[in-house]
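Results of the structural survey
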Amino acid sequence: MPLTLQKNLPAIEILKKEQIFVMDSLRASSQDIRPLKVVVLNLMPLKVTTETDIVRLLSNSPLQVELDFMKIKAHQPKHTPIEHMMQFYKDFDAMSKEYYDGFIITGAPVEQLPFESVTYWDELREIFDWSRTHVTSTLYICWAAQAGLYHFYGVPKYPLSAKKFGVFKHRMNDPYQPIFRGFDDEFFVPHSRHTEIRREDVLKVPELKLLSESRDAGVYMLMARGGREFFITGHSEYSPNTLNDEYIRDLRKGAPINVPENYYRDDDPSNPPIVRWRGHANLLFTNWLNYYVYQETPYNIEEIRNLGSL
């Protein structure tokens, strides 16, 4: 089944050119199927780019998915037209009584700030708490993973001496978890961050299960509440050129930045990138949707509240 999107979302036309099957809400309404309801809280500055990255991965599933976009009321994005936000995004207040099978919370360019200094921290904490009673499974990505771990489990983040930037090899600590179905023994993930969480802090929290890590990039994937929460420190959703775009952006700004590791052919920025993570990324999102959302969510979506907050 395809992904169901609001009519005229820019990602639709972009992905149709990639031969990815998506359909708008008018066509989907004619099918007698209860689609999975997934909401994305998009905290990234380039909203359309992130929308397209996530839609690309969600649409690779045989499940029909109905996608909504949530925004923070206390923050006005600077890099996305207000008309786009008004047409495709809703404030949390307008969605707080809704139930969703799945929830994806993206990274945000605020990781060098203390959590409490982020202008929308209080609203975000409210959304985190809401997800535990209104969502079957939540996927926290990059800074959102750090924020969720800090909010729920007190896990701190630490500044890095240099940005962790590139594509790194990872291993599975528990390869029999359904989230890893079809994975190779080693797989690659893009990272782009100035801070980290540390293994020793994670292991102090019995509610957290450390599923995957990297010799070079550290902690990658954590699971809690039997799969109702996943925390992922990398950017598996990145498109082939995202790290290149970030590298060029930082060079133009004069920001300190190293060439992304293991990314360009022969580590030469004049060469194109080698895409090593696409198969893993598709499996990650497909497995999450299948085993932790579709297999676990009730047919009557309001019964999610009976799953409990713990």
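Residues numbered from 1 in each chain as written. Predicted model: local features only at pLDDT ≥ 70, side-chain atom pairs only at ≥ 80, totals over all residues. Heavy atoms only, no water.

1. Details of the overall build of the chain
Looking only at helices and strands, the chain features ten helices and twelve strands. Per-residue burial for the chain yields a buried fraction of 55% across its 310 residues. A sequence separation of at least 24 residues applies to 74% of the contacts in the chain between residues at least 6 apart. (Helix = DSSP H or I, 4+ residues; strand = E, 2+ residues; numbered from the N terminus. Buried < 20%, exposed > 50% of the residue type's maximum accessible area, 1.4 Å probe, protein only. Contact = heavy atoms within 4.5 Å.)

2. Observations regarding the pattern of salt bridges
According to the stated counting rule, one finds 18 salt bridges in the structure shown. Between Lys163 and Asp250 there is a salt bridge; the shortest N-O distance is 3.6 Å. Highlighted residues: Lys163 in strand S8 (residues 158–172) and Asp250 in helix H9 (residues 242–253), separated in sequence by 87 residues. Note on accessibility: Lys163 and Asp250 belong to one class, buried. Residues Glu229 and Arg225 are paired through a salt bridge, measuring 3.3 Å at the closest nitrogen-oxygen approach. Like Arg225, Glu229 is buried. (Salt bridge = Lys/Arg side-chain N within 4 Å of Asp/Glu carboxyl O.)

3. Topic: the side chain of Lys164
Secondary-structure assignment places Lys164 in strand S8. An unpaired buried charge is present at Lys164: no salt bridge exists, and Glu261, the closest side chain of opposite charge, is 4.9 Å distant. (Lys, Arg positive; Asp, Glu negative; His and termini not counted.)

4. Observations concerning the packing of aromatic side chains
Taken as a whole, this structure holds 21 aromatic pairs when the rule is applied. Relative to Trp143, the ring of Phe115 has its centre 6.0 Å away and its plane inclined at 40°; by these criteria the two rings are tilted. Remark: Trp143 occurs in helix H7 (residues 143–153) and Phe115 occurs in the loop between strand S6 (100–105) and helix H6 (121–134); sequence separation between them is 28 residues. There is no split in this pair, since Phe115 and Trp143 are both buried. Aromatic ring contacts, followed pair by pair, group Phe115, Tyr120, Trp121, Trp143 and Tyr150 into a single cluster. A cation sits over an aromatic face here: Arg181 above Tyr291, 4.8 Å from the ring centre. Its guanidinium or amino end placed over the ring of Phe188, Arg276 lies 5.4 Å from that ring's centre, counting from NZ or CZ. (Phe/Tyr/Trp six-rings, centres within 6.5 Å; stacked < 30°, edge-to-face > 60°. Lys NZ or Arg CZ within 6 Å of the ring centre and 35° of its normal.)

5. As for the pairing of strand S4 (residues 65–71)
For S4, the buried fraction is high: five of the seven residues fall into the buried class. Relative to S4, strand S3 (residues 36–41) is paired through six bridges, and the arrangement is parallel. In the strand pairing of S4, Val38 is matched with Leu67. Following the backbone out of S3, through helix H3 (residues 47–58) and into the adjacent parallel S4, one traces a crossover that is right-handed. (Pairing = 2+ DSSP bridges. Right-handed = clockwise from strand over helix to strand, strands pointing away.)

6. Concerning the packing of H6 against H7
Here H6 crosses H7 at 75°, and the two axes come no closer than 11 Å. By the criterion of interaxial angle, the relationship of H6 to H7 is roughly perpendicular. Where H6 abuts H7, its residues Trp121, Leu124, Arg125, Phe128, Asp129 and Arg132 lie against Trp143, Ala144, Ala147, Gly148, Tyr150, His151, Phe152 and Tyr153. Here the contact of H6 with H7 is composed, by residue class, of nine nonpolar, two polar and three charged. (Axes fitted to C-alpha atoms, helices over the stretch in contact; angles between N-to-C directions. Parallel < 35°, antiparallel > 145°, perpendicular 65-115°, else oblique. Nonpolar A, V, L, I, M, F, W, Y, C, P; charged D, E, K, R; others polar.)

7. Regarding the confidence of the model for the chain
Close inspection of predicted coordinates is inappropriate in any region flagged by low pLDDT. When the pLDDT values of the chain are averaged, the result is 88; 85% of them are 70 or greater. Note that residues 25–32 has pLDDT below 50 and, in this model, eleven contacts with residues that lie over four places away or in other chains. (pLDDT = per-residue confidence, 0-100.)

8. Observations concerning the pairing of strand S10 (residues 208–214)
Burial analysis of S10 places six of its seven residues in the buried class, which makes it a mostly covered element. Pairing between S8 and S10: two bridges, direction antiparallel. Bridge pairing links Arg171 to Glu213 in S10. The pairing of S10 with strand S11 (residues 218–224) spans six bridges and is classified as antiparallel. The residue of S11 that forms the bridge with Leu208 is Ala224. Between the antiparallel neighbours S10 and S11 lie three residues.

9. As for the environment of Glu116
In this fold, Glu116 is placed in the loop between S6 and H6. Those residues in contact with Glu116, other than ones at most four positions away along the chain, are Trp121 and Tyr150. A polar side-chain atom of Glu116 sits 2.5 Å from a polar atom in the side chain of Tyr150. (Polar contact = N/O pair within 3.5 Å; in protein donor to acceptor, adjacent residues only side chain to side chain.)

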